[in-house]
Amino acid sequence: MSASDDPRRVHFQSPEYLVDRLDAIAELFDKDRTDLLVEAIREYIEDTADSETFQELVATKYYDGQLEFETVKQLVGAETAQRLRLLKADLEDEPLDLAAPDDVDVYDGDATAVEPAADDEQ
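An account of the accompanying structure is given in this report. (Residues numbered from 1 in each chain as written. Predicted model: local features only at pLDDT ≥ 70, side-chain atom pairs only at ≥ 80, totals over all residues. Heavy atoms only, no water.)

Thoughts on the packing of aromatic side chains
Thought 1: What the rule picks out here adds up to two aromatic pairs.
Thought 2: With a centroid separation of 6.2 Å and 45° between ring planes, the pair formed by Tyr62 and Tyr63 is classed as tilted.
Thought 3: Taking the relative accessible area as the measure of exposure, Tyr63 reaches 27% and is therefore partly exposed.
Thought 4: Between Tyr62 and Phe69, the aromatic rings sit 6.5 Å apart at their centres with planes inclined by 55°, giving tilted as the arrangement. (Phe/Tyr/Trp six-rings, centres within 6.5 Å; stacked < 30°, edge-to-face > 60°. Buried < 20%, exposed > 50% of the residue type's maximum accessible area, 1.4 Å probe, protein only.)

So this is what it looks like as structure tokens:
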């Protein structure tokens, strides 16, 4: 078990009917309430992290400087976070200063104009 997998005590309040249902399910499966809660949280996080809406929100907030890279890595995983980091670097780069092309005849005088047919113009 790595340091990040070490159990951490968390205290929260829940409506009584949810706790009662959870306890009934735990008893039915002969499991501990905490195990069921951890499993439910894990599934919720995985489902949320996989959603396109969530990933777009993370990307937007990261590009706007509202999230740090380490937070992004926790939210969407290392591979996606690295991809977002590279895209952000591209977005922050200065645009290329390309001079407008000289008056060069690309078609070397062989360009042909096409006239649309009357029934094409609608």
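Quick word on the environment of Asp64
Thought 1: In this fold, Asp64 is placed in the loop between helix 3 (52–63) and helix 4 (69–76).
Thought 2: Distance in space between the C-alpha atoms of Asp64 and Lys88 is 9.5 Å, their sequence separation being 24 residues. (Helix = DSSP H or I, 4+ residues; strand = E, 2+ residues; numbered from the N terminus.)

Topic: the packing of helix 2 (residues 33–50) against helix 3
The description of two packed helices rests on the angle between their axes and on the distance between the axes.
Thought 1: One can describe the packing of helix 2 onto helix 3 by two numbers: an axis separation of 5 Å at closest approach and a directional angle of 70°. Between helix 2 and helix 3, the crossing angle belongs to the class labelled roughly perpendicular. Where helix 2 approaches helix 3, its residues Thr48, Ala49 and Asp50 are matched on the opposing element by Glu52, Phe54 and Gln55.
Thought 2: Taken together, the residues that form the contact of helix 2 with helix 3 break down as two nonpolar, two polar and two charged. (Axes fitted to C-alpha atoms, helices over the stretch in contact; angles between N-to-C directions. Parallel < 35°, antiparallel > 145°, perpendicular 65-115°, else oblique. Contact = heavy atoms within 4.5 Å. Nonpolar A, V, L, I, M, F, W, Y, C, P; charged D, E, K, R; others polar.)

A few points about the nonpolar core
Thought 1: If you look at the biggest cluster of nonpolar residues, it comprises 11 residues: Ala49, Phe54, Val58, Ala59, Tyr62, Leu67, Phe69, Val72, Val76, Ala81 and Leu84.
Thought 2: Taken together, the elements giving at least two residues each to this core come down to helix 3, helix 4 and helix 5 (78–92).
Thought 3: Considering each element in turn, this core owes the most residues, four residues, to helix 3.
Thought 4: Apart from residues lying up to four places away in sequence, Ala81 is in contact with Phe69, Val72, Lys73 and Val76. (Core = buried A, V, L, I, M, F, W, Y, C linked by side-chain atoms within 4.5 Å.)

Points about helix 3
Thought 1: Compared with the 16 Å implied by 1.5 Å per residue over 12 residues, the 16 Å span of helix 3 between its first and last C-alpha is a close match.
Thought 2: Within the sequence span of helix 3, burial applies to Phe54, Val58, Ala59 and Tyr62. Down the axis of helix 3, the sector holding all buried residues measures 135°, keeping them to one side. Away from its buried face, by an angle of more than 90 degrees, helix 3 presents the exposed residues Glu52 and Thr53.
Thought 3: Looking at the buried positions of helix 3, the neighbouring elements they touch are helix 2, helix 4 and helix 5.
Thought 4: Taken from the residues just after helix 3, Gly65 is the one with a positive phi, measuring 80°. (Expected span 1.5 Å × (residues − 1). Arc of directions from axis to C-beta.)

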